[in-house]
Amino acid sequence: MFDKVETSAVTEKLVRKWLPQDLYSIDRMESWLTDMAEEGLFLESIGLCFARFRRGTARNVRYRIDVLSRELTADELALYDSCGWHWVLTNEESRMFGGNIEFYIFQADEDATVPELHTDPQEQAESLRRLNRVSFSDTLWALVALLVFVGLCVYPMGNSRAIGAFLLYGEIDAGWVQIPLWIFWSVFYLSRLRSVRRLRKRLMQGEPLDHRASYRRRFRYGVLRMAVPMGLIAFLFVPLICVQMADSTKDAQSLPMPEGAPDFPAVRLSELEGREDLALADGIYNRDRTVTGAMESRIYESAAVDIGLTSLETICYKMPFAWESSYVLDWYLERYKKAVRVETDLVDEVWSADEPGAGTRAYLFVRDGRYVLQMQYNGKQALTEVLPRLAARLDEAAD
């Protein structure tokens, strides 16, 4: 007797409808379900964003929602049924603390002479006390989580490392992905809290719920509330993730070692060593474009000099915009905290560093306009001596 109420002998088609509100807005949901029945759509299930209806013969039906903290027994459901209120479905909201919340949805024919589920508004207000407390705690936790994730993301931004990683390779800190989600949940839970408090305030003043409350304006807001954050997340992150996945399967374009100066502003190992006839033991040259549009060029050379081996590797990034280069340089310097600034008027910014315990290995970081270069040298020469020649090539590249 208490199985889900069938709305028609012919029940082939299920229809999905976007929810105007969730079950916490009891009066508007009752009104909406009643309107759906007048269109021949009878409730089958309710989710977070959508409700499913079974199509049948249109008729006037009243819906009521009762909020309980436990499941009803078969005898209690029989009592509801004998009073004319037929059980439709139960939507259970599981909670980690304090037990579950049970939303019971009942229906009765419009012309049936049956008493209301709640005849005392203040008694019904008391039944919503726990729902109000739960809504408040959900909203509080969502706001706290949002503040925590914002703090975790904003704090590292003081050294520009996260911005540089994003501008260069599209790397996104996990916290930034969480922030839009927690903004969505904060707005969602705050909307629930406002709905419950609105209902309790009315009931505590002795006014019964308006079972035919208008929901159409809230429906438009509800669609925007759910669709806009999800669409924003998809628009911002899904294309970037897809591009990153595609880029991870692509190898950098290996090129033959260039004759003379390469087509990016770099100083060659032979120029640094002052030996034009230097015979290379190894040489690698490749170029690639990152997912954010930066052109990455790399050249590595090594050669035998005297009784040792010397090597020079230059990595050059040409950013789409000049303002991005300072963040990329900061991202580099974050990993070389002992780098010191070199005072010069030749380029915008120069830093140098020696790797501890690596003997003669030295690093030079250069920023000029849209270009950021890292030079790693293992040899006996001073890297800063190449700055005039490097500055001239950067000027040529900028032209």
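See the structure shown above.
1. Quick notes on a negative patch on the surface
A grouping of Glu38, Glu39, Glu110 and Asp111 is seen on the molecular surface, where their side chains present a negatively charged patch. Looking at the element boundaries, Glu38 is found in helix H1 (residues 26-38). Judged by its relative accessible area of 40%, Glu38 is partly exposed.

2. Side note on the pattern of salt bridges
Enumeration according to the criterion identifies 18 salt bridges in this entry. Between Arg393 and Glu271 there is a salt bridge whose closest N-O contact spans 2.5 Å. Taken as a pair, Arg393 in helix H10 (residues 387-398) and Glu271 in helix H8 (residues 269-273) lie far apart in primary sequence, 122 residues in all. Across the pair, exposure class does not vary: Arg393 and Glu271 are buried alike. Here Glu313 and Arg298 are joined by a salt bridge, their closest N and O atoms 3.9 Å apart. Taken together, the positions of Glu313 in strand E10 (residues 308-318) and Arg298 in strand E9 (residues 295-305) put the pair 15 residues apart, joining distant regions of the chain. Assessed through its relative accessible area of 26%, Arg298 is described here as partly exposed. A cluster of three or more residues bridged by salt bridges with shared partners is formed by Arg341, Asp348, Glu349 and Arg367.

3. A short note on the sheet that holds strand E5 (residues 86-93)
Here we have 3 strands laid out as an open sheet, ordered E4-E6-E5, and antiparallel in their pairing. Either end of the sheet is taken by a strand with one partner, and the two such strands are strand E4 (61-68) and E5. When the angles between neighbouring strand axes are averaged without regard to direction, this sheet yields 20°. For E5 and strand E6 (residues 101-109), the ladder comprises 7 bridges, and the chain directions are antiparallel. Considered in E6, the bridge of Leu89 is made with Ile105. The strands that helix H2 (residues 74-82) touches are E4, E5 and E6; relative to E6, the one it contacts most, it runs at about 30°.

Conventions we followed
Residues numbered from 1 in each chain as written. Predicted model: local features only at pLDDT ≥ 70, side-chain atom pairs only at ≥ 80, totals over all residues. Heavy atoms only, no water. Patch = residues over 30% accessible without salt bridge, like charges linked within 9 Å, V, L, I, M, F, W, Y side chains within 5 Å. Areas by Shrake-Rupley, 256 points an atom, 1.4 Å probe, with all protein chains shown as cover. Salt bridge = Lys/Arg side-chain N within 4 Å of Asp/Glu carboxyl O. Lys, Arg positive; Asp, Glu negative; His and termini not counted. Charge placed at Lys NZ, Arg CZ, Asp CG, Glu CD. Helix = DSSP H or I, 4+ residues; strand = E, 2+ residues; numbered from the N terminus. Buried < 20%, exposed > 50% of the residue type's maximum accessible area, 1.4 Å probe, protein only. Pairing = 2+ DSSP bridges. Axes fitted to C-alpha atoms, helices over the stretch in contact; angles between N-to-C directions. Contact = heavy atoms within 4.5 Å.

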